[in-house]
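# Architecture at a glance
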Amino acid sequence: MSILVTGGAGYIGSHTCLELLNAGFDVVVIDNLDNSKQESLERVQQLTGKKLKFYHNDLLDKDAVRTIFTENRIDSVIHFAGLKAVGESNRIPLSYYHNNITSTLILCEIMSEFKVFNLVFSSSATVYGDPAKVPVTEDFPLGPTNPYGRTKYMIEFVLRDLYASNSSWNIVLLRYFNPVGAHPSGRIGEDPNGIPNNLFPYITQVAVGKLDSLSVFGNDYPTPDGTGVRDYIHVVDLAVGHLKALDKLKQNPGIVEYNLGTGQGYSVLDVIKTFEKAAGTNIPYQIVDRRTGDAASCYADPGKAEQELGWTAEKGLYDMCADSWRWQSGNPNGYED
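Overview of the structure.

The buried fraction of strand β1 (residues 2-6) amounts to five of the five residues, a majority that puts the element mostly inside the structure. Side-chain alternation along β1 places S2, L4 and T6 on one buried face and I3 and V5 on a second face that is also buried. When β1 meets strand β4 (residues 74-79), the two strands line up parallel, connected through five bridges. Residue pairing across strands places T6 opposite H79, the latter belonging to β4.

Here it is in C-alpha cells:
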C-alpha cells in the first residue's frame, strides 16, 4: 500500500517524502510544479536510495487524480498541495479560494470513490489569526486574518462536515507554525519563486548575495525587542510529525487537530543574530512599516502533539539557521544549481 503525497515536490512535501521513504513506505507524489521543482524529488531518491512514483498533474484535474487512484493502491493521503503566500492571497483571493478549496473537494471526492478514508491535512497556525494570548492551544478561537488562512480554516470545516457525514474517515489536521531550515545534507531545502515571502529564505538570499538587505516589518510591537515573535520549527521535525500522524490514523481517531511547533517564540532580531553566528556572516537589514494582518506574537503550546502523537520538536534555532545556510550556500540558485 502506498502513501499519496499531494504537493510532494514542495518544501515540506519533499522533506516528508524523504522521511516516508526512509521509514519504508511506498510513496506516490502528485505536484503541478507551480511553486516547486521536480529536482527536489530526484534528490530525495538519491539521498534515500529508494524510488518514488511521480505524477506531474494538478489536483484540479479530477480525471488525473482518479487515474492515480486507479493505478496505485493508496492507503493514506498527506495533503500539502495549495497556494501558500499570505501577501499574494490578499492580492488574488479568488485564486486562493478556488485552488485550495476546490482541489481539496476533488481530492476528497476521489478518495471517497476509492474508499480511501485516511487523510493528514496540512493546515496552518494562520487559522488562529492574531491570538489574544500565547502560547496557542488547539482549543483557541479560530479567526484567520487573510485569504490564505481562511482557505485553511474553511477546509478544516469541510473535513469536519465530511467526517460528520461518514465516520469511516480518519483525519488529522496539522496546524504548522513557521517551518524553516533544510535537510542536514544540504541537498534539499526551500526554493521559493521570486522574492521570498518568508523570513528565513529572505535572510539566506541576503547572506548569499542575491538580495541586498532584509526588510524587518515593524519594530514597535509589544514584544521584548519590538519585532514580531514567531514559533519557528525545523522542517525535518515537521516532516517527522507527519509520520506520527499516519501512526495516529491507525487508531481510528475520527478527526483530530494538533499544533506542530516548538513552544518557543523567537523575534526577527533573535533570528538575525543567530543566523549571523551560524553562517559567520553579516545580515544587513532595515526597519520598514508593519504588514497588514501580522500578529505581534504567536507561538504554540505543542503539548497535545507530545501527549497524543508522541512527537516533540528536537532541533533548536541554531540548527535551523545552520541547515538553512548549508542549503543556500551550496545551492545559491536553489534547484537550478
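Here the focus is the sheet that holds strand β3 (residues 53-55). Spatially, seven strands are ordered β3-β2-β1-β4-β5-β6-β11 in an open sheet, and the strand pairing comes out parallel. The strands lining the two open edges of the sheet, one partner per strand, are β3 and β11 (255-260). Along the sheet, successive strands turn relative to each other by an average axial angle of 20°, direction set aside. Both β1 and strand β2 (residues 26-30) contribute to a ladder of five bridges, which runs parallel. When the sheet's bridge partners are listed, T6 is paired in β2 with I30. Contacts from helix α6 (residues 147-165) reach β5 (118-124), β6 (170-176) and β11, with the element oriented near 155° to β5.

With four of five residues buried, β2 is to be regarded as a mostly interior element. In the classification by handedness, the crossover that spans β1, the intervening helix α1 (residues 11-22) and the parallel β2 is right-handed. Sheet topology places β2 next to β3; three bridges connect them, and they run parallel. Each bridged residue has a counterpart across the sheet, and for V28 the counterpart in β3 is K53. Taken together, β2, helix α2 (residues 39-48) and β3 constitute a β-α-β crossover, and its handedness is right-handed.

Definitions and limits used
Residues numbered from 1 in each chain as written. Predicted model: local features only at pLDDT ≥ 70, side-chain atom pairs only at ≥ 80, totals over all residues. Heavy atoms only, no water. Buried < 20%, exposed > 50% of the residue type's maximum accessible area, 1.4 Å probe, protein only. Helix = DSSP H or I, 4+ residues; strand = E, 2+ residues; numbered from the N terminus. Pairing = 2+ DSSP bridges. Axes fitted to C-alpha atoms, helices over the stretch in contact; angles between N-to-C directions. Contact = heavy atoms within 4.5 Å. Right-handed = clockwise from strand over helix to strand, strands pointing away.

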